[in-house]
Amino acid sequence: MVRFSRKSYSTLHEWFSSAGTVSLVVHARPDGDAMGSASALAGYLRKAFGSDVLILAPDAYPSTLDFMVTPSDVIDASSDMDLAAGRIAGSDLIVSLDHGDFSRTDSLERHLAGARCRKVLIDHHQSPDLASYGLVFSSVDVSSTCELLYHILMRMPGVRRASDLPQRSAFCLMAGMTTDTNNFANSVFPSTLSMAADLLAAGVDRNLILDRLYSSYRENRLRAMGSLLLERMHVSGNGVAYAVFDRQTIARFGLQDGETEGFVNIPLSMSGVRFSLFLKEDGDVFRVSIRSKKGFSASRMARRYFNGGGHENAAGGRLRIPDDLPSADDVEAYVESVTARFLQDEALPQTEQK
Ligand SMILES: [Mn+2]
């Protein structure tokens, strides 16, 4: 269960109620948890305080999340940087959701860091940048930012249960939590289930969420999954499985943003696989997703070899060409050598690692 001081909640409520213009900031390549928490908070702030609220995204969210986002709520900085920068300058309050520091917001970073207004962090990642925020709600003991936000909202005056929230906010909290837990498969705490029970009791249509998240794919995604299983996936003897989708594979299946979501989890269904890596070529970088089974650290692997980080069992990073790899052709050899080295290092007793 998540607990913050009584003072934190009352300060947050005071900041919410006195801010006319609020900007909710999400990380680059926003996912369901980021967009769900931002949409939910936007609805609450408008209803409770009549605030002028917009969501600031460094780039576009995938169309698979259309059902939980109102397009007019969102400023996409990659399509109008001046609008985004002006919004930040005119904000009374900035709330960062689902990321622990401004570096996850790409080109928005310097504007956010330079803004003089009040700043709040609501996030569930490790090692938040405490110095950048006046008020921090950070915990790794929750499934998602949506769950953390739910518990915070339940501490606001006038809110005792999910039915006290706008219906749309309750829906978005459930949708975002469902994406981050992969439909209750990962990072589920007792508090996650009590939140879900309350949201269901408030009338959230979970069937609609499941239909939109898991039964609305295009055919090409399944064909691409076939290629992953038959051709792209490599399984090493040391418990690492990985797959690379290079630009040719992406073009072959006409894959759009978000359509490879979840592919990284598939190899973990094999007995003996401890780490699964999925790499996708995007311009001059490979975007890397890493998942691990309990007892193995995806976040440490991401930090050490893939310029990234994240959660203990779900992390990500990137490899740049030519900084990290001479060319795209070297990616498989790189993955094999660093994962083997990582497993070797991890096998050493803790004392020898220091
Ligand atoms: Mn999240």
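Look a little higher up for the structure.
Fair warning: this is a prediction, and the values are worked out from it, not measured in the lab.

## Concerning the overall build of the protein
Counting its secondary structure elements, the protein contains 13 helices and 12 strands. In terms of overall dimensions, the protein is globule-like: its C-alpha atoms have a radius of gyration of 20 Å, near the 20 Å expected for 354 residues. Principal-axis analysis of the C-alpha atoms places the extent of the protein at approximately 55 × 45 × 40 Å. Here the protein holds 354 residues, and 50% of them are scored as buried.

## Re the sheet that holds strand β11 (residues 309-310)
The six strands lie next to each other as β7-β8-β9-β10-β12-β11, forming an open sheet whose pairing is mixed. Each edge of the sheet is formed by a strand with only one pairing partner; in this case those strands are β7 (233-235) and β11. Sheet analysis places β11 next to strand β12 (residues 314-320), joined by two bridges and oriented antiparallel. Bridged to G309 within β12 is G316. Its contacts with the sheet put helix α11 (residues 298-305) on β9 (275-282), β10 (285-292), β11 and β12, and the angle it makes with β12 is roughly 15 degrees. On the sheet, helix α12 (residues 331-347) packs against β7, β8 (240-245), β9, β10 and β12 and is oriented at approximately 155 degrees with respect to β8.

## Regarding the coordination of the manganese ion
Around the manganese ion, the protein contributes the donor atoms D33 (OD), D98 (OD), H124 (NE2) and D180 (OD), at 2.1 to 2.3 Å from the metal centre. Along the chain, the residues donating to the manganese ion are arranged with the sequence spacing D-x64-D-x25-H-x55-D. Of the two residues, D33 sits in helix α2 (residues 32-49) while D180 sits in helix α6 (residues 167-180), which places them 147 residues apart along the sequence. Judged by relative accessible area, which is 22%, D180 ranks as partly exposed.

## Concerning the environment of S79
Within the secondary structure layout, S79 lies in the loop between β3 (74-76) and α3 (81-89). On the accessibility criterion, S79 (61% relative accessible area) is exposed. A C-alpha to C-alpha distance of 24 Å links S79 and R320, two positions 241 residues apart in sequence.

## So, the nonpolar core
Among the nonpolar cores identified, the biggest contains 60 residues, and L24, L41 and V95 are the most heavily contacted of them. When residues in this core are grouped by element, the largest group, eight residues, is from α2. If we skip the residues at most four places from it in the chain, V95 touches F16, V22, S23, L24, V25, L41, V120 and I122. In terms of nonpolar packing, the next biggest core, distinct from the first, is built from 23 residues, L277, F286, A315 and L343 among them.

## Let's talk about helix α7 (residues 190-201)
A rise of 1.5 Å per residue sets the reference length of α7, with its 12 residues, at 16 Å; its end C-alpha atoms lie 17 Å apart and thus fit the reference within 8%. Within α7, burial applies to S191, T192, M195, A196, D198 and L199. Relative to the axis of α7, the buried residues are bounded by an arc of 165 degrees and lie together on one face. Looking at α7, the residues exposed on the side facing more than 90 degrees away from the buried face are P190 and A201. Where the residues of α7 are buried, they touch α5 (145-153) and α6. Where α7 ends, the next residue or the one after it, G203, has phi of about 100 degrees, a positive value.

## Comments concerning the packing of aromatic side chains
Overall, the coordinates contain 15 aromatic pairs when judged by the stated rule. Seen in terms of ring centroids, F306 and Y334 are 5.9 Å apart; in terms of plane orientation they differ by 85 degrees. Their pairing is edge-to-face. With a gap of 28 residues between them, F306 in the loop between α11 and β11 and Y334 in helix α12 connect regions that are remote in the sequence. A network of ring pairs unites the aromatic residues F275, F296, Y305 and F342 as a single cluster. In this arrangement the basic side chain of R221 is found over the ring face of Y217, its NZ or CZ atom lying 3.7 Å from the centre.

## As for the pairing of β12
Side-chain alternation along β12 places A315, G317 and L319 on a buried face and A314, G316, R318 and R320 on a face that remains uncovered. In the sheet, β10 pairs with β12 via seven bridges, with the strands oriented antiparallel. Paired with S289 across the two strands is G316, which belongs to β12. What sits between β11 and β12 in their antiparallel hairpin is a turn of three residues.

## Focus: the pattern of salt bridges
Side chains bearing opposite charge may pair, as long as their charged atoms lie close to each other. Counted according to the given criterion, the structure contains 16 salt bridges. Here D73 and R46 are joined by a salt bridge, their closest N and O atoms 3.0 Å apart. Residue D73 is found in the loop between β2 (52-57) and β3, and its partner R46 is found in helix α2; the two are separated by 27 residues along the sequence. Given a relative accessible area of 10%, D73 falls into the buried group. When the shortest N-O distance is used, the salt bridge between D323 and R320 registers 3.8 Å. For R320, a relative accessible area of 31% puts it in the partly exposed group.

About the criteria used
- Residues numbered from 1 in each chain as written.
- Predicted model: local features only at pLDDT ≥ 70, side-chain atom pairs only at ≥ 80, totals over all residues.
- Heavy atoms only, no water.
- Helix = DSSP H or I, 4+ residues; strand = E, 2+ residues; numbered from the N terminus.
- Rg over C-alpha atoms; globule rule 2.2 N^0.38 Å.
- Buried < 20%, exposed > 50% of the residue type's maximum accessible area, 1.4 Å probe, protein only.
- Pairing = 2+ DSSP bridges.
- Contact = heavy atoms within 4.5 Å.
- Axes fitted to C-alpha atoms, helices over the stretch in contact; angles between N-to-C directions.
- Donors = N, O, S within 2.8 Å, 3.2 Å for Na, K, Ca; no water.
- Core = buried A, V, L, I, M, F, W, Y, C linked by side-chain atoms within 4.5 Å.
- Expected span 1.5 Å × (residues − 1).
- Arc of directions from axis to C-beta.
- Phe/Tyr/Trp six-rings, centres within 6.5 Å; stacked < 30°, edge-to-face > 60°.
- Lys NZ or Arg CZ within 6 Å of the ring centre and 35° of its normal.
- Salt bridge = Lys/Arg side-chain N within 4 Å of Asp/Glu carboxyl O.

On their own, these measurements won't tell you what the molecule is for.
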